[in-house]
Amino acid sequence: MTDNRKTLENLQTAVSMELAAANQYLLHILTTENWGLDKLATKMRAEMLEELGHAEEYARRMIFLGGVPVMTAAKTPTSSQSLQEMFEADLVDEKEAITFYSTAAREADDAQDIGTRGLFERTALDEEGHMSWLELQLSLLQRMGEPAFIAMQINATAAE
C-alpha cells in the first residue's frame, strides 16, 4: 500500500477550507438578509450548502482512506460593510482555493489515488464557477452602480 499521508493532509486541509467557506457564506446570508437583499441571501444559502457538501465529501474520503477528519474551520468568517467588499474578499478566497485544489489533484495523481484526484478536480471546477460568478457581480456593480444592483437583489414582497 502506498503512503497516503500527503493525501490525508490535503484532504484535511480541504475539509477545513470548506467548513470555513460554509461559515463565511452563513455570515453572508445573515448580512444580506439584514440588508434586505433576499435574492442574494438565497444565492448565498445555495453556496453554503454546496460548501458543506464538499466538506462532507472530503471527510468521507478521509475515512475511506483510514484517516480521521477534524471538523474545524480553517479561519473565522469576516463581515463585510459593502457588497463590493464581500465579493472581493470571496474572490480572493476562491482563487486561493483553485490553486490549492489544482495542486492537491496533481499530488493525488502522483500518489496514484485517482478517487481523491477526481474529487479535488471537481471541486477546483466548482470554485472556478464561483470565481466567474463573483467576477460578474463585481462587473455588474461597477457598470450598473450599487443602487441598481441592489434593486435586482430584492423580491417585490421583501420591499413591502
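Residues numbered from 1 in each chain as written. Predicted model: local features only at pLDDT ≥ 70, side-chain atom pairs only at ≥ 80, totals over all residues. Heavy atoms only, no water.

The name an unreviewed UniProt entry assigns to the protein chain is Bacterioferritin, from the organism Pacificibacter marinus. Of the comments in the UniProt record for the protein chain, the one headed Cofactor (unreviewed entry) reads "heme b". Taken directly from UniProt, the Sequence similarities (unreviewed entry) text for the protein chain runs: "Belongs to the bacterioferritin family." (UniProt positions renumbered as here; feature names shortened; annotations may be inferred.)

Trainee: What is the right way to look at the UniProt feature "binding site: Fe cation 1" (unreviewed entry) in the protein chain in this model?
Mentor: Those residues carrying the UniProt feature "binding site: Fe cation 1" (unreviewed entry) are Glu 18, Glu 51, His 54 and Glu 127 in this numbering. A maximum C-alpha distance of 10.9 Å among these annotated residues, which run over 110 residues, shows that they cluster at one spot. Of note, Glu 18 is situated in helix H1 (residues 5–34). Each residue touching Glu 18, except ones within four places of it in the same chain, is listed here: Glu 51, His 54, Ala 55, Tyr 58, Tyr 101, Thr 123 and Glu 127. Inspection of the secondary structure assignment puts Glu 127 in helix H4 (residues 114–144). (Helix = DSSP H or I, 4+ residues; strand = E, 2+ residues; numbered from the N terminus. Contact = heavy atoms within 4.5 Å.)

Trainee: Honestly, the packing of aromatic side chains in this entry has me stumped. Any pointers?
Mentor: The geometry of an aromatic ring pair comes down to the distance between the two centres and the angle between the two planes. Scanning the entire structure with this criterion turns up seven aromatic pairs. Seen in terms of ring centroids, Phe 100 and Tyr 101 are 5.2 Å apart; in terms of plane orientation they differ by 65°. Their pairing is edge-to-face. Since its relative accessible area comes to 0%, Tyr 101 is described here as buried. An aromatic cluster is defined as three or more aromatic residues linked by ring pairs; in this entry it consists of Tyr 58, Phe 100, Tyr 101 and Phe 120. (Phe/Tyr/Trp six-rings, centres within 6.5 Å; stacked < 30°, edge-to-face > 60°. Buried < 20%, exposed > 50% of the residue type's maximum accessible area, 1.4 Å probe, protein only.)

Trainee: Explanation requested: the pattern of salt bridges in the structure shown.
Mentor: Two side chains that carry opposite charge are able to pair once their charged atoms sit near each other. For the structure shown, the criterion picks out eight salt bridges. Glu 9 is the partner of Lys 6 in a salt bridge, and the nearest nitrogen-oxygen pair spans 3.2 Å. Remark: Glu 9 and Lys 6 occur in helix H1; sequence separation between them is three residues, near one turn of the helix. Among the residues examined, Lys 6 registers a relative accessible area of 40% and is labelled partly exposed. Note on Glu 9: relative accessible area 45%, which makes it partly exposed. (Salt bridge = Lys/Arg side-chain N within 4 Å of Asp/Glu carboxyl O.)

Trainee: Sorry if this is basic, but what is going on with the packing of H1 against helix H2 (residues 38–64) here?
Mentor: H2 packs onto H1 with a crossing angle of 160° between their chain directions and a minimal axis gap of 8 Å. Between H1 and H2, the angle falls in the class roughly antiparallel. Helix-helix and strand crossings are classified by hand; for H1 and H2 the assignment is left-handed. Residue composition of the contact of H1 with H2, by class: 19 nonpolar, four polar and six charged. (Axes fitted to C-alpha atoms, helices over the stretch in contact; angles between N-to-C directions. Parallel < 35°, antiparallel > 145°, perpendicular 65-115°, else oblique. Left-handed = near helix turned anticlockwise from the far one by under 90°. Nonpolar A, V, L, I, M, F, W, Y, C, P; charged D, E, K, R; others polar.)

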